[in-house]
Amino acid sequence: MIQELIEIVGRENFTDQLEELVPYSYDASMNVHRPDAAVWPESTEQVSAIVKFANEHHIAVVPRGAGTSLSGGVVPIRGGIIIDLSKMNRILEISIEDRFARVQAGVVCDGLNRELGKSGFIFPPDPASSSVATIGGNVATNAGGIKGAKYGTTRDYVLGLEVVLPTGEVMRTGSYTMKCVSGYDLARLFIGAEGTLGVITEVTLKINPVPRHAMTAVATYARLEDAGKAISQTMTSGILPSVMEIMDKVTLKSIRENTDIDLPEAEAMILAETDGFTWEEVEAQMEVILAILGKNGPVEIKTARDEKDRLNLWRARKSAYATLARVSSSFTLDDVTVPISRIPELLVGIQEISKKYDIVVATFGHAGDGNLHPQILFDEYDADQVERMKKVEEEIFRLAIGLKGTLSGEHGIGLSKAAYMTLEHDPVEMALMRLIKKTLDPNNIMNPGKRALD
Ligand SMILES: Cc1cc2nc3c(=O)[nH]c(=O)nc-3n(C[C@H](O)[C@H](O)[C@H](O)COP(=O)(O)OP(=O)(O)OC[C@H]3O[C@@H](n4cnc5c(N)ncnc54)[C@H](O)[C@@H]3O)c2cc1C
């Protein structure tokens, strides 16, 4: 079998060496399992041959981009072959006239935006991991980011896909046009499928012009509920901020103590941004937001003085995950999402659950689209804390679903949330999802063990 794989990809693109497989046992979650082999294909034909081979021998395959999954999505829990797409990293076509970019799955998100930026265009979804995360990974997880409230998620930009199906067949679906209703929308089935239905090898993305101006403001609050109210009022004010982020007290403290960024002591901080084609447009929108932030009892409101100040505030938000990881190296990061008006209840509810189980939960996230990231900090060597952490996580999931929300807004289900799928999806829907999986992948080779599908 090793020989057959080497014949497909070449000796230099195959490994079964322990020291090379260990890194493939991990992603950015706390799940761990080692694969049996890893390959670095360089073309769709090679991916097709690998998958066909795996299907014939009933071997698990796990497509992998940069491995930044926060849900265990890329951890090969049943062993098998990791298909690392990082060598399929070519931008194949940029058409400004037709507003699309066609790329191989291993292209890094920021790399694509650097190229598009030369023509004043952008692929807007911007996960905080964009400096390493791949477009294939973005599509497979339907990645979002800080600009989701205004610009949506990856799904809103996918025009077409090339996918290697579990049989090894290559399917092209979608179009190069801004609109398309020809046939079932099969691309959508693969967007957010976390590699359970096929390997995405090529993506055609809609691109947007880069907004010319942006303005950033911060407001701090002594009460979490007030911050929550300011967010939901802003989102119903008729203004669509390009960013509406929140960081709670624990997050602010960890950034203050682990970086040189000067942040205030407060129960919560909101970071808001407006963008547009002219300054007048940007300022007019910001005026409305500042008025709303002001009437909800802030401790302080500030607008960024200049571009340096603005980027500094961004640095603070982008360092939240990393600085919290310094406070506690064991953590679970969730991404529950609720309808925007329920944000205040979610914020307060998370705080109450944290107190009830005496486990620290730091909350930050994309409040403008109802997506919060409670980062549950605990000691993995303390059995009692692990037990309490699990209860905290389950109660947060139940709270979000009770508020008409979802388990995951952008990180996916993977392994970490698989046990909770039935909290959100009824038996009829679960059965249909399993039927789709079984129909496309009867031998269950594509990223098995994920999402409670088998
Ligand atoms: C510090 C940090 C910040 C983050 N911030 C955000 C954020 O703001 N927003 C957000 O949405 N996510 C965020 N994430 C999560 C993660 O970066 C995204 O889910 C990202 O899209 C994953 O890309 P990747 O290339 O690393 O994919 P991987 O982690 O390698 O894979 C993720 C999943 O997609 C599948 N997959 C990967 N490539 C393919 C392919 N070509 N075909 C089929 N399936 C494939 C894998 O099997 C796996 O299930 C963050 C993660 C970290 C560590």
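Residues numbered from 1 in each chain as written. Predicted model: local features only at pLDDT ≥ 70, side-chain atom pairs only at ≥ 80, totals over all residues. Heavy atoms only, no water.

K.L.:
Even after reading the chapter, I still don't get the pairing of strand S12 (residues 213-221), so can you show me in this structure?
P.N.:
Looking along a regular strand, one sees the side chains alternate between the two faces of the sheet. Among the nine residues of S12, seven are classified as buried, and the element is accordingly described as predominantly covered. Direction of pairing for S12 relative to strand S14 (residues 268-276): antiparallel, over a ladder of nine bridges. The residue bridging His213 from the neighbouring strand is Gly276, located in S14. Where S12 lies against strand S15 (residues 298-303), five bridges are found, and the strand directions are antiparallel. What sits directly across from Ala219, in S15, is Ile301. (Buried < 20%, exposed > 50% of the residue type's maximum accessible area, 1.4 Å probe, protein only. Helix = DSSP H or I, 4+ residues; strand = E, 2+ residues; numbered from the N terminus. Pairing = 2+ DSSP bridges.)

K.L.:
What is the right way to look at the site of the ligand in this model?
P.N.:
Within the structure, the ligand sits among 36 residues, and Pro63, Gly65, Thr68, Ser129 and Thr134 are positioned closest to it. Contact between the ligand and Asn138: an oxygen atom at 3.0 Å from a side-chain N or O atom of the residue. Here Ile200 contributes a backbone N or O atom positioned 2.9 Å from a nitrogen atom of the ligand. A total of 970 Å² of accessible area belongs to the ligand in isolation, and the protein chains cover 94% of it. Among the elements of the structure, strand S3 (61-64), helix H5 (135-141) and strand S10 (199-206) are those that each provide at least two residues to the shell around the ligand. Among the elements that take part in the shell around the ligand, H5 stands out by supplying five residues, more than any other. The class makeup of the residues in the shell around the ligand is 15 nonpolar, 18 polar and three charged. Two domains each put at least three residues into the shell around the ligand: domain 1 (2-86) and domain 2 (88-209). (Near = heavy atom within 4 Å. Polar contact = N/O pair within 3.5 Å; in protein donor to acceptor, adjacent residues only side chain to side chain. Areas by Shrake-Rupley, 256 points an atom, 1.4 Å probe, with all protein chains shown as cover. Nonpolar A, V, L, I, M, F, W, Y, C, P; charged D, E, K, R; others polar. Domains from an automatic or database assignment.)

K.L.:
Just checking my understanding: could you explain the domain arrangement of the chain for this structure?
P.N.:
By a widely used convention, the size of an interface equals the accessible area lost when the partners come together. Taken as a whole, the chain is organised into domain 1 (2-86), domain 2 (88-209) and domain 3 (213-402). Averaged C-alpha coordinates put domain 2 and domain 3 at centres separated by 28 Å. Listed by partner, the interface residues are seven residues for domain 2 and 14 residues for domain 3. Overall, the association of domain 2 and domain 3 removes approximately 950 Å² of surface from exposure, summing both partners, and the carbon and sulfur fraction of that is 57%. Viewed at the interface, domain 3 and domain 2 are joined by two salt bridges. Note that Glu273 and Lys147 form a salt bridge whose closest N and O atoms lie 3.9 Å from each other. Counting every contact that joins domain 2 to domain 3 gives two residue pairs in polar contact (both at pLDDT 80 or more). (Contact = heavy atoms within 4.5 Å. Buried area = accessible area lost by both parts, 1.4 Å probe. Salt bridge = Lys/Arg side-chain N within 4 Å of Asp/Glu carboxyl O.)

K.L.:
When you look at the side chain of Asp126 in this model, what are you seeing that I'm missing?
P.N.:
Note that Asp126 resides in the loop between strand S7 (121-122) and H5. Among the polar contacts made by the side chain of Asp126, one reaches the main-chain amide nitrogen of Ile146 at a distance of 3.3 Å. Contact partners of Asp126, with chain neighbours within four places excluded, come to Gly144, Gly145, Ile146 and Lys147.

K.L.:
What exactly am I supposed to notice about the sheet that holds strand S18 (residues 371-378) here?
P.N.:
By definition, the strands of a sheet pair up through backbone hydrogen bonds, in either a parallel or an antiparallel sense. A sheet is described by the order of its strands in space; here seven strands give the open sequence S15-S12-S14-S13-S17-S18-S16, paired in antiparallel fashion. Sheet topology places S15 and strand S16 (330-333) at the edges, where each strand pairs with a single neighbour. The mean inter-strand angle of the sheet, taken between neighbouring strand axes irrespective of direction, is 15°. Alignment of strand S17 (residues 360-366) against S18, held across seven bridges, turns out to be antiparallel. For Thr363, the partnering residue across the bridge sits in S18 and is Pro374. Those strands touched by helix H9 (residues 249-258) are strand S13 (243-248), S14 and S17, and its axis lies near 85° from that of S13. (Axes fitted to C-alpha atoms, helices over the stretch in contact; angles between N-to-C directions.)

K.L.:
Would you explain the sheet that holds S10 in this entry?
P.N.:
The five strands are arranged S5-S6-S10-S8-S9 in an open sheet whose pairing can be described as antiparallel. In this open sheet, the two strands that pair with only one neighbour each are strand S5 (91-95) and strand S9 (170-174). The sheet shows a mean angle of 10° between the axes of neighbouring strands, direction not considered. Here strand S8 (residues 158-164) pairs with S9 via five bridges, running antiparallel. Across the sheet, the residue bridging to Glu162 is Arg172, located in S9. In the packing of helix H3 (residues 44-57) onto the sheet, contacts are made with S8, S9 and S10, and the angle to S8 comes to roughly 50°.

K.L.:
I tried to follow the pattern of salt bridges on my own but got confused; where do I start?
P.N.:
In a structure, side chains of opposite charge can pair up when their charged atoms sit close to one another. Using the criterion set out here, one finds 26 salt bridges in the structure. Glu202 is the salt-bridge partner of Arg172, the closest N and O atoms lying 2.7 Å from each other. With a gap of 30 residues between them, Arg172 in strand S9 and Glu202 in strand S10 connect regions that are remote in the sequence. A relative accessible area of 46% places Arg172 in the partly exposed class. Here the residues in one salt-bridge network are Glu93, Arg102, Glu162, Arg172 and Glu202, joined through shared partners.

K.L.:
How should the pairing of S13 be read in this particular structure?
P.N.:
With six of its six residues buried, S13 lies for the most part within the structure. The alternating pattern of S13 places Val243, Glu245 and Met247 on one face and Met244, Ile246 and Asp248 on the opposite face, and all of these are buried. Inspection of the sheet shows S13 paired to S14 by six bridges, in the antiparallel sense. Among the inter-strand pairings, Ile246 is bridged to a residue of S14, identified as Ile270.

K.L.:
How should the packing of aromatic side chains be read in this particular structure?
P.N.:
The relation between two aromatic rings is expressed through the spacing of the ring centres and the mutual angle of the planes. Scanning the entire structure with this criterion turns up five aromatic pairs. Ring centres 5.6 Å apart and planes at 85° place the aromatic pair Tyr321 and Phe331 in the edge-to-face group. On the criterion of sequence distance, the pair formed by Tyr321 in helix H12 (residues 320-327) and Phe331 in strand S16 is long-range, its members being 10 residues apart. On the accessibility criterion, Phe331 (10% relative accessible area) is buried. Residue placement shows Lys206 over the ring face of Tyr157; its charged tip is 6.0 Å from the ring centre. (Phe/Tyr/Trp six-rings, centres within 6.5 Å; stacked < 30°, edge-to-face > 60°. Lys NZ or Arg CZ within 6 Å of the ring centre and 35° of its normal.)

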